[in-house]
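Structural overview
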Amino acid sequence: MAVIRNVFALIGLLVLVAMGAAMVKVGGILDEFDPGAVQIYRELIENIVETRNAAEATVWKVPVEEGLKPEDVEQTMKAVANELNISNVGELPLYKDVAAKSGQPYRFVKIYMFCNSLTAARMLDYNDAFSAYLPCRITLVEDKQGKLWLYALNMDLMIQGGERLPPALKEEALHVKKVILEIMRRGAVGDF
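Counting of residues starts from 1 at the beginning of each chain's written sequence and follows it residue by residue. Local features in this predicted model are restricted to residues whose pLDDT is 70 or higher, and side-chain atom pairs enter the listing and the counts only when it is 80 or higher, whereas totals over whole chains, interfaces and linings include all residues. Note that water and hydrogens are dropped before the side-chain values are worked out from all heavy atoms of the structure.

1. Some points on helix α2 (residues 37-51)
Where we set the bar: We count a stretch as a helix when DSSP gives it H or I for four or more residues in a row; a strand needs E for two or more, and each element gets its number in order from the N terminus. In a helix, the anticipated span is given by 1.5 Å times the number of residues less one. Exposed residues in this analysis have more than 50% of their type's maximum accessible area, buried residues have under 20%, and partly exposed residues fall in between, with area computed by a 1.4 Å probe over protein chains only. Arc, as used here, means the arc of the directions from the helix axis to the C-beta atoms. The criterion used for residue contact is that any of the two residues' heavy atoms lie within 4.5 Å.
Taking 1.5 Å per residue, 15 residues should reach 21 Å; α2 reaches 21 Å between its end C-alpha atoms and fits that length. Ala37, Ile40 and Leu44 are the residues of α2 that are buried. What you see down the axis of α2 is that its buried residues fit within an arc of 60°, all on one side. Looking at α2, the residues exposed on the side facing more than 90 degrees away from the buried face are Ile45, Val49 and Glu50. Looking at the buried residues of α2, the elements they touch are α3 (54-57) and α7 (156-160). Just beyond α2, the residue with positive phi is arginine 52, at close to 60°.

2. Thoughts on the layout of surface pockets
To be explicit about the condition: Grid spacing is 1 Å over the protein atoms alone, the probe is 1.4 Å, and a cavity is where that probe fits but cannot get out, while a pocket is an open set with protein on both sides within 12 Å along at least five of seven lines and lining residues have an atom within 4 Å of a point. Grid points are joined across faces, edges and corners, and a volume is the space filled by probe spheres set on the points. Residues are grouped as follows: Ala, Val, Leu, Ile, Met, Phe, Trp, Tyr, Cys and Pro are nonpolar; Asp, Glu, Lys and Arg are charged; every other residue, Gly included, is polar.
What the largest pocket holds in volume is close to 290 Å³. Taken together, 15 residues make up the lining of the largest pocket; nearest its centre are Val59, Thr139, Tyr151, Ala152 and Leu153. Mapped onto the lining of the largest pocket, the elements with two or more residues apiece are α3, β4 (136-142) and β5 (148-153). In terms of residue count, the dominant contributor to the lining of the largest pocket is β4 (five residues). Across the lining of the largest pocket, the residue classes tally to twelve nonpolar, one polar and two charged.

3. Focus on the nonpolar core
Rule in force here: Put simply, a nonpolar core is a bunch of buried Ala, Val, Leu, Ile, Met, Phe, Trp, Tyr and Cys residues held in one set by side-chain atoms that sit within 4.5 Å of each other.
If you look at the biggest cluster of nonpolar residues, it comprises 31 residues, and the most contacted ones within it are Phe114, Ile138, Leu150, Ile180 and Ile183. Where this core is concerned, the elements lending two or more residues are α4 (70-83), β3 (109-115), β4, β5, α7 and α8 (167-189). The element that contributes the greatest number of residues to this core is α8, accounting for eight residues. The residues contacting isoleucine 180, other than those within four sequence positions of it, are Trp60, Ile86, Phe114, Cys136, Ile138, Ala152 and Met155.

4. What about the packing of α4 against α8?
Two packed helices can be described by the angle between their axes and the distance between those axes. Which entries qualify depends on this criterion: Fitted lines through C-alpha atoms give the axes, limited to the stretch in contact for helices. The angle between two N-to-C directions lies from 0 to 180 degrees. Crossings are assigned a handedness: left-handed for a near helix turned anticlockwise from the far helix by less than a right angle, right-handed for a clockwise turn.
The N-to-C vectors of α4 and α8 enclose an angle of 145°; their axes lie 8 Å apart at closest approach. For the crossing formed where α4 meets α8, the hand is right-handed. Residue-level inspection shows Val73, Thr76, Met77, Val80, Ala81 and Glu83 of α4 in contact with α8, the latter providing Glu182, Ile183, Arg186 and Gly187. Taken together, the residues of the contact of α4 with α8 sort by class into five nonpolar, two polar and three charged.

Have a look at this one:
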């Protein structure tokens, strides 16, 4: 019996040593990450568990106030973007393309692309992979029940999910995030 107890004690000691070594290694790696990274990943995991959908877990979603038409939201978002000095660099009326190709009307889905090209250039100079996040997109979607929603990619993973961005670049990225959220917030209520 004493031999079995000693074997289990040795196994327990080895597990503790292995866990300690892993924590030191992971801790060293995490030191290179943005200080907010752990919280960003915690929220991501919570969102995935809650929604059971990775796409749903990685977006911002804002309901549009009842009574507003797509044109009202669009006009407001464009005015707010102009006010906040971010360019509307393109639009994709997806619903029209679906209707043209299928021959059937489709619910309203339109993608608006906003960009501060100078910030985009600095992000690209830092890492070309950021091009996949450009330009910032806000989609106005009429859901299957006829309710309008605004969706945008949650930028937190890009900004804080990896190694620390240079301070000036992080500040610019956080400003763009603030602008996109403001466009969504005000667009959803028709607040010019």
